[in-house]
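Coordinate analysis (summary)
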Amino acid sequence: MMMISWIFLVIGLHAQPAYNQCLKDQHSLLLAFKNDLVYDPSSQIAKWNPSVDCCDWGGIRCDKEGHVTGLDLSSQNAYGSINDSSSLFGLEFLQSLNLAYDDFDSLLGFSNALNVSPI
C-alpha cells in the first residue's frame, strides 16, 4: 500500500502544471522596456535579472499561463519616455499598470492608445 501511495505522489507532482512561468515573449518585452528606462540602481527594476523567471521579478504579476498581467513600478525613481512604439504595449494581457511617483517626461504612447490629447 505504501508503494502505491508513493507512485501516486510522484505522478501527481509531475502532472501539475507550472504556474507563473514567464513566457519568453513577455520576458523579452519587459527587458526591452527596462532598457528604455533610466532608473535608480537600487530599484527593483535594476534587480530584474534576465536569468530569472520574470514572474518572480519585483513589481511583476503574472497569470497562471505566464502572461504579465500587472506591472507596479511606483516610486522606483524611473524616468524616460513611453511612446507608441514602447515594448510595454506588447504586453497584451496587462491589466494593471502603476507608474506613480516616477518621472516620465512623455506618455505619448498612452494618449495615442487611448485616443486622448496630452495635457
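Residues numbered from 1 in each chain as written. Predicted model: local features only at pLDDT ≥ 70, side-chain atom pairs only at ≥ 80, totals over all residues. Heavy atoms only, no water.

1. Concerning the confidence of the model for the protein
Parts of the prediction with low pLDDT should not have their coordinates interpreted in detail. Inclusion rule: pLDDT is a per-residue confidence score from the predictor, ranging from 0 to 100. It only takes one pair of heavy atoms within 4.5 Å for two residues to be counted as in contact.
Here the protein shows a mean pLDDT of 80. Residues at 70 or above account for 71%. Within the model, pLDDT remains below 50 along residues 2–18, and this stretch shows 1 contact once partners closer than five positions in the same chain are excluded. Considering only residues more than four positions removed or in separate chains, one finds that residues 114–119, a stretch of pLDDT under 50, has 3 contacts.

2. Section: the packing of aromatic side chains
Short version of the rule: Each aromatic pair joins two rings of Phe, Tyr and Trp (for Trp, the six-membered one) with centres within 6.5 Å, and gets the label stacked for planes under 30 degrees apart, edge-to-face for over 60, and tilted for any other angle. Exposure categories follow from relative accessible area, calculated using a 1.4 Å probe and restricted to protein chains: below 20% of the type maximum is buried, above 50% is exposed, and the middle band is partly exposed.
Inspection of the entire model under this criterion finds 1 aromatic pair. Arranged with centres 5.1 Å apart and planes meeting at 15°, the rings of Trp-48 and Trp-57 form a pair that is stacked. A residue is classified by how much of its surface remains accessible, and Trp-57, at 5% relative accessible area, is buried.

3. Overview of the state of the cysteines
So the rule is basically this: Disulfides are defined as cysteine sulfur pairs within 2.5 Å. Each helix is a run of DSSP H or I of at least 4 residues and each strand a run of E of at least 2, with the numbering of both proceeding from the N terminus.
By the definition in use, this model includes 2 disulfides. The disulfide that involves Cys-22 links it to Cys-54, with 1.7 Å between the sulfurs. Here the S-S torsion is close to 70°, and the disulfide linking Cys-22 with Cys-54 is therefore right-handed. Placement of the pair is Cys-22 in the loop between helix 1 (2–15) and helix 2 (24–35) and Cys-54 in the loop between helix 2 and strand 1 (60–62), with a sequence separation of 32 residues.

4. As for the environment of Asp-36
Note that Asp-36 resides in the loop between helix 2 and strand 1. Taking the C-alpha atoms as reference points, Asp-36 and Ser-87, separated by 51 residues in sequence, lie 8.9 Å from one another.

5. Looking at the environment of Phe-93
When you line up the elements, Phe-93 lands in the loop between strand 3 (79–81) and strand 4 (96–98). On the basis of relative accessibility, which here comes to 39%, the residue Phe-93 falls in the partly exposed class. Measuring from C-alpha to C-alpha, the distance between Phe-93 and Gly-70 comes to 8.6 Å, with 23 residues separating the pair along the chain. Not counting the four nearest positions on each side in its chain, Phe-93 is found in contact with His-67, Val-68 and Thr-69.

6. A closer look at the nonpolar core
Let me state the cut-off plainly: Buried Ala, Val, Leu, Ile, Met, Phe, Trp, Tyr and Cys residues that are joined via side-chain atoms within 4.5 Å together make up what is termed a nonpolar core.
If you look at the biggest cluster of nonpolar residues, it comprises 21 residues, and the most contacted ones within it are Leu-30, Trp-48, Ile-60 and Leu-71. If you list the elements that add at least two residues to this core, you get helix 2, strand 1 and strand 2 (68–72). Among the elements that make up this core, the one with the highest residue count is helix 2 (3 residues). With residues near it in sequence (within four places) discarded, Leu-71 still touches Leu-30, Phe-33, Trp-48, Gly-59, Ile-60, Leu-88, Leu-94, Ser-96, Leu-97 and Asn-98.

7. Observations regarding unusual backbone geometry
Even without being glycine, Ser-75 reaches a positive phi, approximately 55°. Here Ser-75 shows up in the loop between strand 2 and strand 3. One non-glycine residue with positive phi stands out, namely Asn-77, at about 55°. Within the fold, Asn-77 resides in the loop between strand 2 and strand 3. For Asn-77, a relative accessible area of 46% gives the class partly exposed.

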